[in-house]
Amino acid sequence: MSLSPAKRERRRRDIGARATAPSLEAPRRCTVLGCTNLTQRSAGTGLSTRHCKRHKEMLRRHGVTWRKSFTETELAPYRKSVRTWVRLNRGRPEFQEAITDLDSMLAASGKPKDAFAVQSARPKEKARIALARLREAGKGGEHLLTIVLTIKAITTDKGPRGNPEFQQVQIAKRAHRLIPRTRIKSDIWGDIAKRTRPEGLVMRILGEKLIEAAGGTATGEVIREVIALKNAGGAQ
Ligand SMILES: [Zn+2]
């Protein structure tokens, strides 16, 4: 699934040339409200005809242009309520169904590859490897369902609402954090630990897969129950 080094180099150069070629159109401003920067295309810093470099980078890393990813402090009360909800609702058939679907997805994810080997893979393959590495790290359906419910609850409660891309990225980023770094020993560099970067298309694909598999449980009704628990003081 990966490109040969020569092809990758050609593609990199091609993108570089297109990104820095002078634009024939009149200079255009970034579409983010209040931003006066030129678009990447107009400034010759990239391909985007809608966003400036800074906002394109925000979008790539966080899923929206105007806010960063949720912090631990923001997520903690929602995660705590999700754990309480899971304890109280473990017997519900839709819960068991989501765990089965998520576990099956992990089981079908194939062979894991280390963080060094992942670099040259395409996004779809990277998402598959991320699932395989989660399984290898001993993470199961319940870990993943907790993440999906936590992100759905916080975005429903605090926003941004109706933004599937932000949800996908936030869910994938939390799952990605559960994947351990790849460690190698090198005679020259000593111990090196590498982690793949949690950004770009792979985060959208991974997030979408997790949401789909957890779908039966992560319903509006369940999310409202989680938020009610949080407002009642979270876990007992
Ligand atoms: Zn901008």
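Reading guide: rules and limits
- Residues numbered from 1 in each chain as written.
- Predicted model: local features only at pLDDT ≥ 70, side-chain atom pairs only at ≥ 80, totals over all residues.
- Helix = DSSP H or I, 4+ residues; strand = E, 2+ residues; numbered from the N terminus.
- Buried ≥ 20, exposed ≤ 12 C-beta atoms within 10 Å, placed from the backbone.
- Contact = placed C-beta atoms within 7 Å.
- Axes fitted to C-alpha atoms, helices over the stretch in contact; angles between N-to-C directions.
- Parallel < 35°, antiparallel > 145°, perpendicular 65-115°, else oblique.
- Nonpolar A, V, L, I, M, F, W, Y, C, P; charged D, E, K, R; others polar.
- Arc of directions from axis to C-beta.
- Pairing = 2+ DSSP bridges.
- Expected span 1.5 Å × (residues − 1).
- Core = buried A, V, L, I, M, F, W, Y, C linked by C-beta atoms within 7 Å.

K.L.:
Residues and numbers for the overall build of the protein, please.
P.N.:
In terms of helices and strands, the protein carries 11 helices and 2 strands. Ordered by position from N to C terminus, the α and β elements of the protein give α-α-α-α-α-α-α-α-α-β-β-α-α. For the protein, the C-alpha atoms occupy an extent of roughly 60 × 50 × 30 Å along the three principal directions. Here the protein holds 236 residues, and 31% of them are scored as buried. Contacts in the protein between residues far apart in sequence, at least 24 positions, make up 66% of those at least 6 positions apart.

K.L.:
Just give me the short version of the packing of helix α9 (residues 164-176) against helix α10 (residues 201-214), but keep the residues and values in it.
P.N.:
Following both chains from N to C, one finds α9 and α10 inclined at 90 degrees, their axes separated by 7 Å at the closest point. Between α9 and α10, the interaxial angle falls into the category roughly perpendicular. Here E165, Q167, Q168, V169, I171, A172, K173 and A175 of α9 lie close against α10, whose contacting residues are M203, R204, L206, G207, E208, L210 and I211. A per-class count over the contact of α9 with α10 returns 8 nonpolar, 3 polar and 4 charged.

K.L.:
How would you summarise helix α3 (residues 53-62) if you had to cite specific residues and measurements?
P.N.:
Within the span of α3, buried status applies to H55, K56, L59 and H62. Buried residues of α3, viewed axially, fall in a sector of 160 degrees; they line one side. One or two positions beyond α3, positive phi appears at G63, with a value near 100 degrees.

K.L.:
How would you sum up the pairing of strand β1 (residues 182-186)? Please name residues and give values.
P.N.:
Among the 5 residues that make up β1, 0 are buried, leaving the element largely open to the surroundings. Hairpin connection between β1 and strand β2 (residues 190-194): a loop of 3 residues separates the two successive antiparallel strands.

K.L.:
Quick one: what's the story with unusual backbone geometry, residue by residue and with numbers?
P.N.:
G159 connects to P160 through a cis peptide bond whose omega is -5 degrees. Mapped onto the elements of the fold, P160 is located in the loop between α8 (141-158) and α9.

K.L.:
For α10, give the residues involved together with the corresponding values.
P.N.:
Under the 1.5 Å per step criterion, the end-to-end length of α10 is 20 Å for 14 residues, consistent within 8% with the ideal 20 Å. Its buried side turned inward, α10 meets α5 (93-107), α7 (123-136), α8 and α9.

K.L.:
Could you give an account of the nonpolar core, with specific residues and numbers?
P.N.:
Judged by nonpolar contacts, the single largest core of 40 residues is most densely connected at V148, L206, L210 and A214. Residue assignment for this core shows that the elements contributing at least two residues are α4 (72-89), α5, α7, α8, α9, α10 and α11 (220-231). If you tally residues by element for this core, the top one is α8, at 8 residues.

K.L.:
Describe the environment of L206, with residues and values.
P.N.:
Tracing the backbone shows L206 in helix α10. Separated by 166 residues in the primary sequence, L206 and Q40 have C-alpha atoms spaced 27 Å apart. The residues contacting L206, other than those within four sequence positions of it, are A127, A130, A172 and A175.

K.L.:
Please set out the pairing of β2 residue by residue, giving values where relevant.
P.N.:
Burial of β2 is sparse: only 0 of the 5 residues sit out of reach of the surface. Two elements, β1 and β2, share 5 bridges in a ladder whose sense is antiparallel. Of the residues in β2, the one forming a bridge with I184 is I192.

Geometric descriptors of this kind do not, in isolation, establish any biological role.
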